[in-house]
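# Fold and geometry: a report
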2 protein chains.
Amino acid sequence: MPFMFTIFALIFLVSGEKSTYIVHMDKSFMPKAYSHYTHWYSSIVDSLKSISPTLNGQHQSPQSLVYTYDSAFHGFCAVLSKQELQTLKKSPGFVSAYNDRDVTLDTTHTFEFMSLNPATGLWPASEYGKDVIVGVIDSGVWPERLSYNDDGMGDIPVRWKGICEEGQDFNASLCNKKIIGVRYFNKGLLAANPNTTLSMNSGRDTKGHGTHTSSTVAGNHVNGASFFGYALGTARGMAPRAHVAMYKVSWDEGECASDVLAGMDQAVADGVDVISISMGFDNVPLYQDPIAIASFGAMEKGIIVSSSAGNDRVIGSLHNGIPWVLTVAAGSIDRLCAGTLTLGNRMSIEGWTMFPAPAVVKDASLIYNKTISSCNSAMGLSSVGYGIVICENGSFYEQLSYVSQSNAIAGIFISDEIFEDSYFNFPGVVITSKDAPVLINYVTKGAKPVASIKFQQTFFGAKPAPMVASYTSRGPALSNPGILKPDVMAPGTLVLAYWVPDTKTAYIGSNIALTSDYKMDSGTSMACPHVAGIAALLKGAHPEWSPAAIRSAIMTTASPFDNTGNYIRDLGLDRKIATPLAMGAGQVKPNCALNPGLIYDARPQDYINLLCSMNYTQQQIKTITRSSYTCSNTSSDLNYPSFIVFYTNGTTTKLVQKFQRTVTNVGDGVATYKVKVTAPEGSIVNIYPTTLVFGEKFQKRSYTVTISYQGDSSGEVTFGSLIWVEDNGKYAVRSPIVVSPMINTWSPFI
Amino acid sequence: MPFMFTIFALIFLVSGEKSTYIVHMDKSFMPKAYSHYTHWYSSIVDSLKSISPTLNGQHQSPQSLVYTYDSAFHGFCAVLSKQELQTLKKSPGFVSAYNDRDVTLDTTHTFEFMSLNPATGLWPASEYGKDVIVGVIDSGVWPERLSYNDDGMGDIPVRWKGICEEGQDFNASLCNKKIIGVRYFNKGLLAANPNTTLSMNSGRDTKGHGTHTSSTVAGNHVNGASFFGYALGTARGMAPRAHVAMYKVSWDEGECASDVLAGMDQAVADGVDVISISMGFDNVPLYQDPIAIASFGAMEKGIIVSSSAGNDRVIGSLHNGIPWVLTVAAGSIDRLCAGTLTLGNRMSIEGWTMFPAPAVVKDASLIYNKTISSCNSAMGLSSVGYGIVICENGSFYEQLSYVSQSNAIAGIFISDEIFEDSYFNFPGVVITSKDAPVLINYVTKGAKPVASIKFQQTFFGAKPAPMVASYTSRGPALSNPGILKPDVMAPGTLVLAYWVPDTKTAYIGSNIALTSDYKMDSGTSMACPHVAGIAALLKGAHPEWSPAAIRSAIMTTASPFDNTGNYIRDLGLDRKIATPLAMGAGQVKPNCALNPGLIYDARPQDYINLLCSMNYTQQQIKTITRSSYTCSNTSSDLNYPSFIVFYTNGTTTKLVQKFQRTVTNVGDGVATYKVKVTAPEGSIVNIYPTTLVFGEKFQKRSYTVTISYQGDSSGEVTFGSLIWVEDNGKYAVRSPIVVSPMINTWSPFI
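Residues numbered from 1 in each chain as written. Chains lettered and ligands numbered in written order. Predicted model: local features only at pLDDT ≥ 70, side-chain atom pairs only at ≥ 80, totals over all residues. Heavy atoms only, no water.

### Structural notes on the overall build of chain A
Each helix and strand in chain A was counted, giving 17 helices and 41 strands. Seen through its C-alpha atoms, chain A measures out along the principal axes to roughly 95 × 70 × 55 Å. When the 750 residues of chain A are sorted by exposure, 61% land in the buried category. Carbon and sulfur atoms form 51% of the exposed surface of chain A, whose accessible area is close to 27100 Å². (Helix = DSSP H or I, 4+ residues; strand = E, 2+ residues; numbered from the N terminus. Buried < 20%, exposed > 50% of the residue type's maximum accessible area, 1.4 Å probe, protein only. Areas by Shrake-Rupley, 256 points an atom, 1.4 Å probe, with all protein chains shown as cover.)

What follows is the structure in structure tokens.
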């Protein structure tokens, strides 16, 4: 099930009652009298208190200053009444304030599926991410899990500030050379819910989500990992030698934006190299999105942020569509959790099952007749005796439920569904309609047809793979549709990683719940840390690369093809060919990202130029950029490695849109690239020049892209690509091009 | 469940029809013309065919000679009509013949429980059984099980004849340096059932029994062994460096005495050092008991045979009560497969559970009221909702069944039963009546009582342990009551060892069966290989010891005390103090057996003297001894390390019985022993002399025991002991003494 939860809403409270606000300040206004910004913020909040009367005789909260922020951005979080907020807005240095708001969390053969290997490519080039520090903003860690063992880990980098110290917000006892920092942030949560008792007031994970994502990013080598016997093998994170710093902001009791901000702010202050954040804020403009705000500061310091696209399935539902972060969609992998069905005639069929126990179904009678085979009622199955019942033409989950309540010992389900969830509470196997005739033939012609099912099988090389996950949130990004989002796709479906103890991860029958050390979970939450890990490896291999360069390398080397050599298909689109609105540039190819040939770079000022083009107020822009900025070079045309143009749905007007791009040669020196364009259907794409000649490494060359297209009353999304191909065939630098309707009903920021 | 099965009976067929007979021959009658005994036997059988007409026009079986035997005894197995049998009986050299008959099969912290350790005692002294070969007569092996890995194994001893060769009866492919021989025997089975198709016509195990017993004898070190998470730890056989030779005689399709004989005969011929046989023939005199016959030959060659007492529970049901073998009873160990019940008030109670999956039962409502707490009807539990139901005052298995069909998510069962079986098909835990008040108090006084149960726990040090298993067959031995049987007790209850794949080892709900690599099985079948392993270790440490010496060392050092320091109790006797009729000399103490101080030895002639006293015919004795023998020294008083006397139940006549014993000093040389007697209640035991002085090693000393006792109309069994205590306290050589009624209704050999 795509893992996801909506955090309890801190809706504006009735006037007079207090609420939690995140306040952005311009530090340059700080009077010299204050030795530290904390004192300044405190004095501001204190002055509000002295002005505003205590309402309704309520006691004032002694802890109304919840957080101060100084790394990713400047400001504080405070519990204020509306009246206090109005006063605050008049203070010198005030930039903006918004309510602490909802956050939506999203959710291992994967390294093999992505061809990471010890012999060649990104793993050896980066020494598996040695010395790189990944900050994970999530629900904490369960440090006893073997993924966090520090065998073979290098020493903690000397630059690291976030050393584990016991005390406020720290959990030294959870740390070693793998987990080099565990901090936790819940003041916002407690401010909003003063009577809450936390089930676990420490960095220890009680949800599982943070343990899963952080072990996916950088888990150490663990043998014999499996989920109830499925996917048995070696578990290992993307960057198995990278260090992890966990910033716990997600709690059993909920989450608050102010805590997320505090966690990211601290990660930036501590000096992580990469941030992985598998959660997002829905329906917010960039200047009110804590992740957008904190990640701007991170980007300025050279920290790349990988984030999840969300699990909302539909067009335009994507979150974290932030121009300066990497936005990751989720896809499937080529692993099949399987059962082997062997008929009495020795024919055997591989099917899908995740029944979570080593069930024995051996030489049992097959039960098949047309009156019961829809398996859609308890009555229908009431006559079924001890045997294996065959179900067809129905909904799998409904059939599974009825079979599990019957006297059958197992079910065979004929269905072409591809499953993205591990729920399978009764012995059985799903076989395809293509394989079904062998079974039906045998069962209808044999005298006493019998079969056996062997569970806990795992097969690799399933085709086609990857496919875009049905649940992954689709672009465009409402907060800034002009930048094509998501950026790339990574494995997100049925990803195996460690989970926390005593939580329900599987079911048998109607009321038996089981736990397991590992969980096979699905969601963009699982895809995001894969890309964070790859970013960490790239950071290890190319310490000088900017966040934009790392993102560019990952995007331009991503592949639109699956393991059959055909275009990747979309499970959310009836397995039609996936568009970049679902998967961005395509499936990440980490070893290719190591040597991308060309890089689309971007500096902080480029993002400011973009913000300047966005109809934001000065205060809104400053909320993101914090410091003063100039809009002298306003441009909506960010040097991004992808292209998207919009038409108004239902119109057929001819449109022309022009882009300028600059690429930096990060290849070996002298090189010539020629462009290869696949235009979206119905569009014309012109590139100038069509050849780029580089005389040396780090040389830059610019080109323009002109897309001529027209609206379409069918509202279809068309897409193509632009590839700079190096003359010797060494590099192919690919960018997706999308022509999309601008959906009228979008009302992003209600 | 005490593993046991009765093999299909080959009852005498109607006259004229053929049956399988085991025929004993005196080889000294073989005419010189025959170069080999096989030719002689063939010619005898052929001659019968030529004489006897084909009955009813049936085709004669071309394979009427099923086996020839030449190692453990001389003779053959053939399919004969009654008429042919009558003719055969007149042949020169004929000794005896009997029908191929029924055999009854019987079924790891154990090494720790028995204090085997690398630092001191029998393991280092024997180098873990290095170079010793144990022949296991059973259902074959599953060679891929890690117990059979040959890491650290020494080379195959050069004396070993039974090398694995592919071909008839051999399975080289199943062999390595751990399993150095795999042979299989099914001609008797096929002769009796000509139309049978064997499911696995090789030495490969399909039942699990042979894999379990052979890995218990000599399994190599395996980490992470468990039964569905219970008893998790390192699995290891008793003699982890001993070699195993498997003689498969037990089949999915049944077993035949002739195959058992053939297997034992081959084991003797191959030159094994120890034989482990976890099966037995019920209700047969020694001269018709294939194990008695084959083991006599083994004993003559210095091979010690360890056998199982059987799982028939009642007095006089014991099989393998053979004077020249070791007969092993089963007891419990100190391991508890457990669940931890934690109440909402944080009190916690350890209970018994073997629910075979990592169930999550967390903070669930406790349901307790007097109207349903007997949990003995579906109706009663129909009102139970989602929660943990508390059951009391009933039969556990009945309550478990009803709870598993209700809507409850788990059960708590208040019961003082001690379980010898792993069946536990629904989440729950059994707590004792002593622990129950804590729970009942909480549930009746709390407002919203909740509890959690943690499964897959294992605790060691359970007390008291061992206890005699309820199922273990009790002596006396019907075939020769004058020798006290069983000899000793070893762990037999819930013994963890490898099992074969795809077999049902546990259940969830009413129709889900599970398999596991390991099985926790119970039976004397599990106890026997423990003692075989100890015998192998003793053979390694004292290669010169005779089978009787090894048995004596094991018996005289066995302990009648449990881990609380009190007398071992009997689960089959309401936990009253166990008698030697249940456990022989007591629980084996392998490290003590290494240095027993004194030995009660016996030579083949001593057993012949005993047979001479048994009212057997010359032919019957010869069937066992094979060769000529003299009865010049007839004596029922075998030099055995235990004593039993009988009275006629209901009489109160005074009786006196005298025994003579000779002990050999195997201690360090000069030693003085003084006797310490605990007379059975109501009896007087006199020893003469009461001091034995030894001047050197291997010196022998004799003493007499006079037991004066009288009958008892209550029919009670009384018991005591006789201990020779070395003056420095270094050795205590203990023999049990039993005064038992001779039960009138025994009719052993119907």
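So, next bit.
### Quick word on the relation of the copies chain A and chain B
Between chain A and chain B, which share one sequence, the superposing operator has a rotation angle of 180 degrees and an axial displacement of 0.1 Å; the RMSD is 0.1 Å. With respect to symmetry, the two chain copies, as superposed, fit the operation of a two-fold axis. Both copies contact each other with a shared surface, as 100% of the interface residues of chain A are interface residues in chain B too. (Least-squares fit on C-alpha atoms with pLDDT ≥ 70 in both. Contact = heavy atoms within 4.5 Å.)

### Some thoughts on the state of the cysteines
Residues and elements named next belong to chain B. One pass over the full model with this rule turns up four disulfides over all chains. With a sulfur-sulfur separation of 2.0 Å, C375 is cross-linked through a disulfide to C391. Between C375 and C391, the S-S torsion sits near -85 degrees, and that sign places the bridge as left-handed. On the criterion of sequence distance, the pair formed by C375 in the loop between β20 (360-367) and α9 (378-381) and C391 in strand β21 (residues 388-391) is long-range, its members being 16 residues apart. With a relative accessible area of 0%, C375 lands in the buried category. A residue is classified by how much of its surface remains accessible, and C391, at 0% relative accessible area, is buried. Disulfide partner of C612: C631, at an S-S distance of 1.8 Å. Here C612 and C631 share a disulfide; its torsion about the S-S bond, -85 degrees, makes the bridge left-handed. Within this pair, whereas C612 is found in helix α16 (residues 604-612), its partner C631 is found in the loop between α17 (618-625) and β34 (643-648), the two being separated by 19 residues in sequence. A relative accessible area of 33% places C631 in the partly exposed class. (Disulfide = S-S within 2.5 Å.)

### Section: the packing of helix α6 (residues 209-218) of chain B against helix α12 (residues 524-541) of chain B
Residue and element names in this part refer to chain B. Where α6 contacts α12, the two axes come as close as 7 Å, and the packing angle between them is 30 degrees. Taken together, α6 and α12 sit at an angle that is classed as roughly parallel. Considering how the two elements wind past one another, α6 and α12 form a crossing that is right-handed. In contact with H209, H212, T213, T216 and V217 of α6, α12 contributes S525, M526, P529, H530, A532 and G533. Its residues placed into classes, the contact of α6 with α12 shows four nonpolar, seven polar and no charged. (Axes fitted to C-alpha atoms, helices over the stretch in contact; angles between N-to-C directions. Parallel < 35°, antiparallel > 145°, perpendicular 65-115°, else oblique. Left-handed = near helix turned anticlockwise from the far one by under 90°. Nonpolar A, V, L, I, M, F, W, Y, C, P; charged D, E, K, R; others polar.)

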